[in-house]
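Commentary on secondary and tertiary structure
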Amino acid sequence: MPANQSTLKGHLTLHLIVAIFLAVPVAVTWQLPTTWISLDRAGGGVSLKARVCLLFAIPFRTVELSDVEAVDSYLAPGPPPQRTTRRIRSRAIPMGTVVVSGPGGEAEFPVAAKNIGPLKERLGGFLADPSARDLSFVFTAHRGISVFCGVWATIFIGIYAIYVLSWIIPQQIQWRFVDWVFRLLPAKGRRQVAESIRAAAAERSDQ
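As a starting point, this report considers the structure included with it.

A word on the overall build of the chain
Within the chain one finds five helices and nine strands. Each helix and strand of the chain, ordered N terminal to C terminal, gives the series α-β-β-β-β-β-β-β-β-α-β-α-α-α. Looking at the chain as a whole, 23% of its 207 residues are labelled buried. In the chain, once contacts between residues fewer than 6 apart in sequence are set aside, the share between residues at least 24 apart is 55%.

What follows is the structure, encoded as structure tokens:
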């Protein structure tokens, strides 16, 4: 196979791998999103604005409500527990939905069942307190899964960005950057790096 075809195949394979590994956390956080919510009291009414995001900060839905009056919730029906071959019961993550409503409509936000109570208490407390002027906070549908998917996606985005930049940025500029970083190291660190480079070069020459 010619070298250029081999290189092209390698590029396409890497793009495909990154796309697959990014698709998983994107799909999960689409179902279990992070919500940035703010409430504001003005003119006797409470308005709500929320950005529902995947991967913590990428909004895919924006919600705006005026004259918010009530907070309710319900639990999502889940599949019955199933017995595996090892006689271990596997259960789906218990999920629920918090519903914020008023004359202008309603908005629903998915949240883990165990976090429904604190979220309702926070929102309801603001609505019940006429002296409260504004409230802003962030909550996730499921904290553990959201954190895991966010870290997972960040790692692969970083790897992909470094790979792309290595092909876009001229090699001369890359070496200038490496040299700049090298000069920031203390003298002992520079000696250790130089010795490691010489040892690796000697090992390659011996092979």
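A word on helix α2 (residues 116-128)
End to end, α2 covers 18 Å across 13 residues, agreeing with the expected 18 Å (1.5 Å per residue, within 8%). Contacts made by the buried residues of α2 are with β1 (34-42), β2 (45-54), β4 (70-75), β7 (95-102), β8 (105-112) and β9 (134-140).

Things to note about the sheet that holds β9
Neighbouring strands of a sheet are bound in pairs by backbone hydrogen bonds; such pairs are parallel or else antiparallel. Across the sheet, four strands lie side by side as β3-β2-β1-β9; this open sheet has antiparallel pairing. Where the open sheet ends on each side, the last strands, each with one partner, are β3 (58-65) and β9. Pairwise comparison of adjacent strand axes, ignoring direction, gives a mean angle of 15° for this sheet. Pairing between β1 and β2: nine bridges, direction antiparallel. Pairing of Trp-36 across the sheet is with Arg-51, part of β2. Strand contacts of α2: β1, β2 and β9, with the helix running at about 170° to β9, the strand carrying the most contacts.

A few points about the pairing of β1
Counted between consecutive antiparallel strands, the loop separating β1 from β2 contains two residues, among which Gly-43 sits at a positive phi close to 65°. In the sheet, β1 pairs with β9 via seven bridges, with the strands oriented antiparallel. The residue bridging Ile-37 from the neighbouring strand is Phe-137, located in β9.

Some thoughts on the environment of Val-68
By the secondary structure assignment, Val-68 is in the loop between β3 and β4. The spacing of Val-68 and Ser-47 is 21 residues in sequence and 6.0 Å in space, taken between C-alpha atoms. The contacts of Val-68, once residues within four sequence positions are left out, are Val-46, Leu-48, Val-100, Ser-101, Gly-102 and Leu-127.

Regarding the environment of Gly-117
Summarising the element assignment, Gly-117 is placed in helix α2. Under the relative-accessibility criterion, Gly-117 is labelled partly exposed at 41%. Expressed as a C-alpha distance, the spacing of Gly-117 and Val-98, which sit 19 residues apart in the sequence, is 9.4 Å.

Description of the nonpolar core
Within the largest apolar cluster, 23 residues are counted, with the highest numbers of intra-cluster contacts made by Ile-37, Leu-48, Phe-109 and Leu-123. Those elements giving two or more residues to this core turn out to be β1, β2, β3, β7, β8, α2 and β9. Among the elements that line this core, the one with the most residues is α2, at five residues. When sequence neighbours within four positions are dropped, the list of residues in contact with Phe-109 reads Thr-35, Ile-37, Leu-48, Ala-50, Val-52, Val-63, Gly-96, Thr-97, Val-98, Val-100 and Phe-139.

Observations concerning the sheet that holds β4
In spatial order, the strands read β4-β7-β8; together these three strands make up an open sheet with antiparallel pairing. Unpaired on one side and paired on the other, β4 and β8 mark the two borders of the sheet. Direction aside, the axes of adjacent strands within the sheet are offset by 25° on average. Alignment of β7 against β8, held across eight bridges, turns out to be antiparallel.

The rules behind each value
Residues numbered from 1 in each chain as written. Predicted model: local features only at pLDDT ≥ 70, side-chain atom pairs only at ≥ 80, totals over all residues. Heavy atoms only, no water. Helix = DSSP H or I, 4+ residues; strand = E, 2+ residues; numbered from the N terminus. Buried < 20%, exposed > 50% of the residue type's maximum accessible area, 1.4 Å probe, protein only. Contact = heavy atoms within 4.5 Å. Expected span 1.5 Å × (residues − 1). Pairing = 2+ DSSP bridges. Axes fitted to C-alpha atoms, helices over the stretch in contact; angles between N-to-C directions. Core = buried A, V, L, I, M, F, W, Y, C linked by side-chain atoms within 4.5 Å.

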